[in-house]
Amino acid sequence: MNTRETILTRIREAVAQAPEVPEPARDYLPSHTPNDPQTLVNLLAENLTDYRAIVHHTYEDTLPDLLNQLLSAHGTQSVLVPPGLPEHWLQASNAQQIEDSSTHTPHDLDTVDSVVTGCALAIAETGTLVLDASPDQGRRRITLIPDHHICIVRAPDQIVASLPQAMPRLDPTRPLTWISGPSATSDIELDRVEGVHGPRTLEVILLSSRSGD
Amino acid sequence: MSGTYLGMPSFPVAAREAVNNPTLRANLRHATHTIRAKRAVAVAELADWALLREAGKQIKDRTLRHLDTLLVELEEKVTAAGGVVHWAADAEEANRIVTELVVETGEREVVKVKSMATQEIGLNEALEAAGIAAYETDLAELIVQLGEDRPSHILVPAIHRNRGEIRDIFATTMGEWGRPAPDDLTDSPAALAEAARLHLREKFLRAKVGISGANFMVAETGTLVVLESEGNGRMCLTLPETLISVVGIEKVIPSWRDLEVFLQTLPRSSTAERMNPYTSTWTGTTDSDGPKAFHLVLLDNGRTATLADEVGRQALRCIRCSACLNVCPVYERAGGHAYGSVYPGPIGAILSPQLRGTQSDIDASLPYASSLCGACYEVCPVAIDIPEVLVHLREQVAEKGGKGHRLEKTAMKAAGWILNHPAALTAGERIASKTRALHPKTVPGASAWTDSRDLPALPEQPFRDWWKKNRT
């Protein structure tokens, strides 16, 4: 008998006498937050800030200027751009735009200052951004190696209240990266320090359409 | 490299050493009390905590009842998504499989995400024996590895070290492994984290093979899930060309939806955060994003034996959050090393003797490494009744009749005789009271019990004499 069969046989023998277990009761709350768009936007901003992400609010027409400001303030010379990022978003920036490509080695990416991406959705209650490697977000590594990540969330369309509301909207066959604040560690005397291996600065832009647009 | 657990003394011996180390006690007390208070706040934010806990328990129980079909389903889905699944009955087989996979790549070094399963099987040592260097990349694991130390906590393996000790370890040993620490390294956590960042980055950027565990494996979709904070996990999971994940068979969960429960309960129980900074999920391989080759090694190593025990199998519900360590009065004083296993604290006291059996002194002593106060059960996000399992394991150890238990049996037999002979009991009590001044503080021959406790003093007169004089 090969190992696979041995293990499966052991499992069957181990639980042969065990009683059947019913389907789990899912009587926990579908969310802990009133389902009001403005409440969700505020809560997401509050929770992101609590974990040291820097949050900005803007509109479609003012986004290019804001991006230019943020990149300049960071001293960014070069910025990584996923293939599906709307072109006009970076039209006001003078930073050199580097389109993500599979020919880039990790060492190449390490020389880039910033990365700008969209996201798949954001979860207000936990202050979490989820990236699913869609064209406006690019491959997982581009949001990992540069030290500065700017992530744009369409508010309120891409914001859900809770994990139970997020799960059905995500596609598990795609590689997902869930981001809640910048890289952090609490390994030294449980003092939280931001920035170990991932981006040390995470800026989130909550992008709204102007009312009446 | 990191020490091993071979030949560890039993818990009482190792704990006594730890209790007498004031630095260790101060480090542990600070850390456990900090996280304990934060966790209570994070849990209190969720009004439905009790229901989430119950759902987590039920999902895991149902998983264990149908573990065979779920593993087969997982294997099918991982394979369909481009991964390769291997099965390992024990540590030796798992180590052999992983070593062969690394050797096939032609590489001589690997980067590792913190993983309890690979520590449990001693993978780093096995790779080293094959001439392969395994670099731990979690900050705490790096501290442990550079300090030639052993982890002492599930979540914060270097919890027993303070910043001054960590500074010294980095300053003296980083250079032997790669980029040295800067000359002016201070003991501020930010400076230490920065030194680790620079030291490890050169390893991440050139790594061709990554090794990880997983927090969850979703049977329905074949998806693996890793929760972390630093980004070292993402580095190891996405930059190398080959990814090898070694995961205990009990880590499978039935459905994608089940994650909505555990992603709410695990971070809050573990680091007291609403959510950990990074979670990665992947399903097999993805074209031009992440590793080209993905291997999943499914590990038994005592888990099926644990599953066969009706009372003890609930230990397999564990999601390794470490909340039970942080509330345990015994762990707080004894520290993680005293448990002689990668799984310290209350969960270790029930998991290790079940995974390894109770033949050794250390494993036979672990079910006694508790005051049965029940705090561990209260905080467990999957409601493992740790005290119940401890008592159950004590029965098993006692039935085998080790050295300590023969003494206990003789004492109980003598007590039984005395209590059945009232005249002898009365005479004995009076003699005992009259000779109080001569009583020793400890009992010779019962040092395992009395070395750390004083005998209670006897009253001046027996209770029954007092009763006769004052109440009749």
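Data block above holds the structure.
Presented here is an overview of the structure given in this document. Treat the numbers as computed from the prediction; the structure is a model and nothing was measured.

### Brief notes about the environment of B:Gly83
Working step 1: Turning to its location among the elements, B:Gly83 is positioned in strand β1 (residues 83–88).
Working step 2: Using a relative accessible area of 6% as the deciding quantity, one classes B:Gly83 as buried.

### Brief notes about the interface of chain B and chain A
Accessible area lost upon the coming together of the parts serves often as the stated size of an interface.
Working step 1: Tallying the contact residues gives 93 residues for chain B and 71 residues for chain A.
Working step 2: Per-residue buried area on chain B facing chain A is highest for B:Arg65, B:Arg197 and B:Arg274; these three make up 10% of the total on that side.
Working step 3: Run the count over chain B and chain A and you get 14 salt bridges.
Working step 4: The salt bridge partner of B:Arg274 is A:Asp50, with a shortest N-O separation of 3.0 Å.
Working step 5: Broken down by element, the side of chain B that touches chain A gets its largest block of residues, 12 residues, from helix α10 (residues 189–206) of chain B.
Working step 6: Inspection of the sheet shows strand β9 (residues 176–179) of chain A paired to strand β9 (residues 278–283) of chain B by 4 bridges, in the antiparallel sense. Its bridge partner being in β9(B), A:Trp178 is matched across the sheet by B:Thr279.

### Comments concerning the packing of helix α16 (residues 345–356) of chain B against helix α19 (residues 386–400) of chain B
Residues and elements named next belong to chain B.
Working step 1: Two elements in contact, α16 and α19, have axes separated by 10 Å at closest approach and are oriented at 40°. What the angle tells us is that α16 and α19 run oblique. Along this stretch, α16 crosses α19, giving a crossing that reads as left-handed. In contact with Pro346, Ile347, Ala349, Ile350, Pro353 and Gln354 of α16, α19 contributes Ile386, Val389, Leu390 and Leu393.

### What about the nonpolar core?
Working step 1: Within the largest apolar cluster, 78 residues are counted, with the highest numbers of intra-cluster contacts made by A:Leu170, A:Trp178, B:Phe11, B:Phe216, B:Leu259, B:Ile347 and B:Ile350.
Working step 2: If sequence neighbours within four positions are ignored, B:Phe11 has contacts with B:Val330, B:Ala334, B:Ala338, B:Tyr339, B:Ile362, B:Ser365, B:Leu366 and B:Ala369.
Working step 3: Counting residues in each nonpolar core, the second largest holds 66 residues, with A:Val112, B:Leu74, B:Ile249 and B:Trp282 among its members.

### Structural notes on the sheet that holds strand β5 (residues 216–218) of chain B
Working step 1: Strand order in this open sheet of 8 strands is β8(A)-β5(A)-β6(A)-β9(A)-β9(B)-β6(B)-β5(B)-β8(B), and the pairing throughout is mixed. Looking at strand neighbours, the two that pair on one side only are β8 (159–160) of chain A together with β8 (252–253) of chain B, the edges of this open sheet.

Conventions adopted
- Residues numbered from 1 in each chain as written.
- Chains lettered and ligands numbered in written order.
- Predicted model: local features only at pLDDT ≥ 70, side-chain atom pairs only at ≥ 80, totals over all residues.
- Heavy atoms only, no water.
- Helix = DSSP H or I, 4+ residues; strand = E, 2+ residues; numbered from the N terminus.
- Buried < 20%, exposed > 50% of the residue type's maximum accessible area, 1.4 Å probe, protein only.
- Contact = heavy atoms within 4.5 Å.
- Buried area = accessible area lost by both parts, 1.4 Å probe.
- Salt bridge = Lys/Arg side-chain N within 4 Å of Asp/Glu carboxyl O.
- Pairing = 2+ DSSP bridges.
- Axes fitted to C-alpha atoms, helices over the stretch in contact; angles between N-to-C directions.
- Parallel < 35°, antiparallel > 145°, perpendicular 65-115°, else oblique.
- Left-handed = near helix turned anticlockwise from the far one by under 90°.
- Core = buried A, V, L, I, M, F, W, Y, C linked by side-chain atoms within 4.5 Å.

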